[in-house]
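Here are the chains, one letter per residue:
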Amino acid sequence: MKQIEVKGLTKSYTNGSVTYDILRGIDFDVESGEFISICGPSGSGKTTLLYTLSGLESHQGGQILWLGKEISSMTDQERARMRAHDMGFVFQFYNLVPNLTVYENVMLASVIGKQKSKDEIMACLDLVGLKNHHDYYPAQLSGGMQQRVSIARAIINDPKVLFADEPIGNLDHHQGILIMELFKMLNIKLHTTILMVTHNEDVTRYGSRVIHMQDGKVVKDERNS
Ligand SMILES: Nc1ncnc2c1ncn2[C@@H]1O[C@H](COP(=O)(O)OP(=O)(O)O)[C@@H](O)[C@H]1O
Ligand SMILES: [Mg+2]
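Residues numbered from 1 in each chain as written. Chains lettered and ligands numbered in written order. Predicted model: local features only at pLDDT ≥ 70, side-chain atom pairs only at ≥ 80, totals over all residues. Heavy atoms only, no water.

Attention shifts here to empty space enclosed by the protein. The tally for this structure, following the rule as stated, stands at one cavity of 30 Å³ or more. There is about 40 Å³ of room inside the largest cavity. As for the largest cavity, its lining consists of Leu50, Tyr51, Ser54, Phe89, Val90, Phe91 and Phe163. Broken down by secondary-structure element, the contributors of at least two residues to the lining of the largest cavity are helix H1 (46-53) and strand E6 (87-90). When its residues are assigned to classes, the lining of the largest cavity shows six nonpolar, one polar and no charged. (1 Å grid on protein atoms, 1.4 Å probe; cavity = no way out; pocket = protein on both sides within 12 Å on 5 of 7 lines; lining within 4 Å. Points joined across faces, edges and corners; volume = space filled by probe spheres on them. Helix = DSSP H or I, 4+ residues; strand = E, 2+ residues; numbered from the N terminus. Nonpolar A, V, L, I, M, F, W, Y, C, P; charged D, E, K, R; others polar.)

This is the structure in structure tokens:
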């Protein structure tokens with residue numbers, strides 16, 4: 001099943017009289033259950049692509065179809081619901097609420113999403129290996145553990161698609177590998193579709209497919225064997 005279809009996608013920013021073309025005609029489809037790494041040099045448009053695919057930013061040209069429906073034709077309310085119920089987001093800097101515990105950070109996402117029970121939230125923390133840390137505060141945890149909290153928060157509403165932007169960019173090698181293993185497990189066990197931006201070529205092997213970007217275009221799209 002096609003989860004996302006991207007056709008001739010363009011996006012530009014205008015600053016005064018100058019227009020910068022950031023995405024310059026992008027085409028690809030995402031099948032449900034794929035684990036895609038998006039890789040390319042800094043400034044090539046990777047983050048902008050993730051933000052437009054998730055409807056966080058608007059696009060100018062082309063189409064983005066989410067399960068066959070153009071996202072720019074959705075109402076603000078439909079887009080907000082799609083993000084809360086069908087999408088999860090993981091960022092380089094975990095963006096946790098510092099004065100809430102691990103459990104509360106995940107619960108907060110559930111409140112605006114699918115209203116999970118305490119047991120379900122604990123099961124989710126167990127899945128990312130943090131059950132015993134549920135009452136810790138973010139500052140008491142290592143970077144890798146904080147990223148696990150943000151992954152639990154991203155998956156608590158059983159999203160169809162998990163978007164991750166440089167999720168291991170701030171971690172050492174060992175912690176980065178553990179996070180990649182976690183993504184792989186979620187992809188296999190929960191069948192969550194994953195779109196992960198990275199500029200670390202080494203970790204693209206965790207995915208089933210690698211999309212290479214350069215200057216706002218897809219220059220290579222290859223499947224891992
Ligand atoms: N809000 C913005 N206004 C103007 N230019 C932007 C904006 N956001 C990103 N850009 C520019 O778009 C290009 C691509 O950025 P980005 O998508 O963040 O690339 P990447 O994630 O691959 O490093 C960069 O040249 C960046 O400076
Ligand atoms: Mg980026």
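If you trace the six strands from one edge of the open sheet to the other, you get E6-E7-E8-E3-E9-E10, paired in mixed fashion. With partners counted over all chains shown, the strands left at the sheet margins are E6 and strand E10 (217-223), one partner each. This sheet shows a mean twist of 15° between the axes of neighbouring strands, independent of strand direction. Judged from the four bridges that link them, strand E3 (residues 35-39) and strand E9 (residues 209-214) form a sheet pairing that is parallel. Bridge pairing in E9 links Cys39 to His212. Docked against the sheet, helix H2 (residues 76-86) engages E6 and strand E7 (161-165), running at close to 70° with respect to E6. Running over the sheet, helix H5 (residues 143-155) touches E6 and E7 and is turned about 165° from E6. (Pairing = 2+ DSSP bridges. Axes fitted to C-alpha atoms, helices over the stretch in contact; angles between N-to-C directions. Contact = heavy atoms within 4.5 Å.)

With that out of the way, let us pick up the packing of helix H3 (residues 102-111) against helix H4 (residues 118-127). Following both chains from N to C, one finds H3 and H4 inclined at 115°, their axes separated by 10 Å at the closest point. In the packing of H3 onto H4, the handedness of the crossing is right-handed. Residues Val102, Tyr103, Val106, Met107 and Ser110 of H3 form the contact with H4, whose participating residues are Lys118, Ile121, Met122 and Leu125. Among the residues making up the contact of H3 with H4, the classes are represented as seven nonpolar, one polar and one charged. (Left-handed = near helix turned anticlockwise from the far one by under 90°.)

Across the interface, H5 lies against helix H6 (residues 173-189) with an axial gap of 9 Å and an inter-helix angle of 20°. The orientation of H5 with respect to H6, classified from their angle, is roughly parallel. Between H5 and H6 the crossing geometry is right-handed. Touching Gly143, Gly144, Met145, Gln147, Arg148, Ile151 and Ile155 of H5 are Gln175, Leu178, Ile179, Leu182, Phe183 and Leu186, all from H6. Looking at the contact of H5 with H6 residue by residue, the class counts come to eight nonpolar, four polar and one charged. (Parallel < 35°, antiparallel > 145°, perpendicular 65-115°, else oblique.)

Relative to the assigned elements, Lys118 resides in helix H4. With relative accessibility at 55%, the residue Lys118 sits in the exposed group. It is 9.0 Å that separates the C-alpha atoms of Lys118 and Tyr103, two residues lying 15 residues apart in sequence. (Buried < 20%, exposed > 50% of the residue type's maximum accessible area, 1.4 Å probe, protein only.)

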